[in-house]
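Fold and contact review
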Amino acid sequence: PSGKRRRDGTEADHADRVEAAKTYLSSRLSERVTLDDVARAVGASPFHLARLFQQRTGAPVHRYLMCLRLRASLERLADGANDLTALALELGFSSHSHFTDSFRREFGRTPSDVRRGASRRGLREMSKNLEV
């Protein structure tokens, strides 16, 4: 007999909680969101949710949220967003510099460099390449 046997429905329950967490995160890009908030919203302990989320998505909750925010920033830049500070705050970054640092870490360029040099199509390609 196997050491660990799961009850029927456990896998589906885990998948549902992770999907609910992803939905919760995507609907709150502009808010300060903690792991406790997400866990409470999906009816799981923070530790359990963090473990499940990482297993099923390959990314920690915070990294997933950051990727969602960065993807949204690329879409807004493609749509002509000019005020990077307003964009940063609108997407839940604590400041313009937090946004710029995160953006540079992910894409190797600053948002203003990208805004100046990238076509709409190029920005959309960058967005598609961002794993979420």
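No experiment lies behind these values; they were computed from the predicted model shown.

**Here we look at the side chain of Ser73**
Mapped onto the fold, Ser73 is located in helix H4 (residues 61–78). Those residues within four positions of Ser73 in sequence are excluded, and the remaining contacts are Leu87, Leu91, Phe99 and Phe103.

**With respect to the nonpolar core**
Counting residues in hydrophobic clusters, the biggest one holds 36 residues, and the most contacted among them are Leu25, Leu70, Phe99 and Phe103. Beyond its immediate stretch of four places on either side in the chain, Leu70 contacts Phe93, Phe99, Ser102, Phe103, Glu106, Phe107 and Leu130.

**A word on the environment of Arg56**
Assignment of secondary structure puts Arg56 in helix H3 (residues 46–57). Exposure remark for Arg56: the relative accessible area of 37% places this residue in the partly exposed category. Considered as a pair, Arg56 and Leu89 are 33 residues apart in the sequence and their alpha carbons are 29 Å apart. Once you skip the residues sitting within four places of it in the chain, Arg56 turns out to touch Glu11, His14, Ala15 and Val18. Polar side-chain contacts of Arg56 include one of 2.6 Å to the side chain of Glu11.

Basis of the calculations
Residues numbered from 1 in each chain as written. Predicted model: local features only at pLDDT ≥ 70, side-chain atom pairs only at ≥ 80, totals over all residues. Heavy atoms only, no water. Helix = DSSP H or I, 4+ residues; strand = E, 2+ residues; numbered from the N terminus. Contact = heavy atoms within 4.5 Å. Core = buried A, V, L, I, M, F, W, Y, C linked by side-chain atoms within 4.5 Å. Buried < 20%, exposed > 50% of the residue type's maximum accessible area, 1.4 Å probe, protein only. Polar contact = N/O pair within 3.5 Å; in protein donor to acceptor, adjacent residues only side chain to side chain.

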